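Listed below are the residues making up each chain.
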Amino acid sequence: GQSLEQPSEVTAVEGAIVQINCTYQTSGFYGLSWYQQHDGGAPTFLSYNALDGLEETGRFSSFLSRSDSYGYLLLQELQMKDSASYFCAVRDNTDKLIFGTGTRLQVFP
Amino acid sequence: DAGITQSPRHKVTETGTPVTLRCHQTENHRYMYWYRQDPGHGLRLIHYSYGVKDTDKGEVSDGYSVSRSKTEDFLLTLESATSSQTSVYFCAISEPRSRHNEQFFGPGTRLTVL
């Protein structure tokens, strides 16, 4: 089967750093993506890792270890507006995405 | 922002009635997708299309059909709606083999089946 595991909820305070982990078990793997979704909104793309290592985009970074079937999203200098749900998604060999169930991040002042 | 619209944005219908949701894009992207989003399940793929008249089933396709007669439009039809199809439906588009495999999502349609 295909499955992605991520924590259901994470809390943190403004200015802190938070890491959201994702482990996957899929029949095909071409890359790991991260999407952000605010309540009532649509998912929006954050980052993508096809190769092992760290990708940095401003305050957000994403890491992938293909040998461990593991990745994480790192959010630094947290702001209130970062409160949202974050989804990891595996890209399979037909360009489809298989999404995890999402991690709800709550940032407190 | 990617030019993707969905209509209607909200719909309430009764069990057994047919329902069609429309996704329209102005980006000329080749790939289009329909997802449903339910609490605890994340986004699940219903059907997808790799081009005009080229569609295939996703993970949760039972009870749904799709059509794509033009590049810009992708229709999702519930032939006979059931309460289990109450959900938020998202359309997405992408370009094949794009570097980041980025999918752009529409604003969603909230469907309630009574």
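The structure under discussion appears in the preceding block.
Counting restarts for each chain: residues are numbered from 1 in the order of the written sequence. Chains and ligands are labelled by the order in which they are written, letters from A for the one and numbers from 1 for the other. Local features in this predicted model are restricted to residues of pLDDT 70 or higher, and side-chain atom pairs are both shown and tallied only at a pLDDT of 80 or more, whereas totals for entire chains, interfaces and linings draw on every residue. Note that water and hydrogens are dropped before the side-chain values are worked out from all heavy atoms of the structure.

1. Concerning the overall build of chain A
Step number 1: When helices and strands are counted, chain A shows zero helices and eleven strands.
Step number 2: Radius of gyration here is computed from C-alpha atoms only, and the compact-globule reference equals 2.2 Å multiplied by the residue count raised to the power 0.38. Its C-alpha atoms give chain A a radius of gyration of 13 Å, near enough to 13 Å, the size a compact globule of 109 residues would have.
Step number 3: With the C-alpha coordinates aligned to their principal axes, the bounding extent of chain A is approximately 40 × 30 × 20 Å.
Step number 4: The cut-offs for exposure are 20% and 50% of the maximum accessible area for each residue type, with area from a 1.4 Å probe on protein chains only; residues under the lower value are buried, those over the upper are exposed, and the others partly exposed. A buried classification covers 51% of the 109 residues belonging to chain A.
Step number 5: Note that His is not counted, nor are the chain ends; the positive residues are Lys and Arg, and the negative ones are Asp and Glu. The atoms used to mark charge sites are NZ of Lys, CZ of Arg, CG of Asp and CD of Glu. Across chain A, 6 positive and 12 negative side-chain charges occur, with their mean positions spaced 6 Å apart. Only DSSP runs of H or I covering at least 4 residues are called helices, and only runs of E covering at least 2 are called strands; the numbering of each starts at the N terminus.

2. Details of the pattern of salt bridges
Residues and elements named next belong to chain A.
Step number 1: One side-chain nitrogen of Lys or Arg within 4 Å of one carboxyl oxygen of Asp or Glu is enough to make a salt bridge. Using the criterion set out here, one finds seven salt bridges over all chains in the structure.
Step number 2: Across the pair Arg-104 and Asp-39 runs a salt bridge whose closest N-O atoms are separated by 2.8 Å. Residue Arg-104 is located in strand β11 (residues 103-108), and its partner Asp-39 is located in the loop between β4 (31-37) and β5 (44-49); the two are separated by 65 residues in the primary sequence.
Step number 3: Given the relative accessible area of 35%, Arg-104 is considered partly exposed.

3. Here's the deal with the sheet that holds strand β7 (residues 64-70) of chain B
Residues and elements named next belong to chain B.
Step number 1: The rule for pairing is simple: two strands pair if DSSP sees at least two bridges between them. Sheet architecture is open: four strands sit in the order β1-β3-β8-β7, paired in antiparallel fashion. Only two strands of the sheet have a single partner each, and these edge strands are β1 (4-7) and β7. Strand-to-strand, the axes of this sheet are offset by a mean angle of 20°, without reference to chain direction.
Step number 2: Relative to strand β3 (residues 19-25), β1 runs antiparallel, the two being bridged by four bridges. For Ile-4, the partnering residue across the bridge sits in β3 and is Gln-25. Lines fitted to C-alpha atoms define the axes here, with helix axes fitted over just the stretch in contact, and angles between the N-to-C directions of these axes take values from 0 to 180 degrees.

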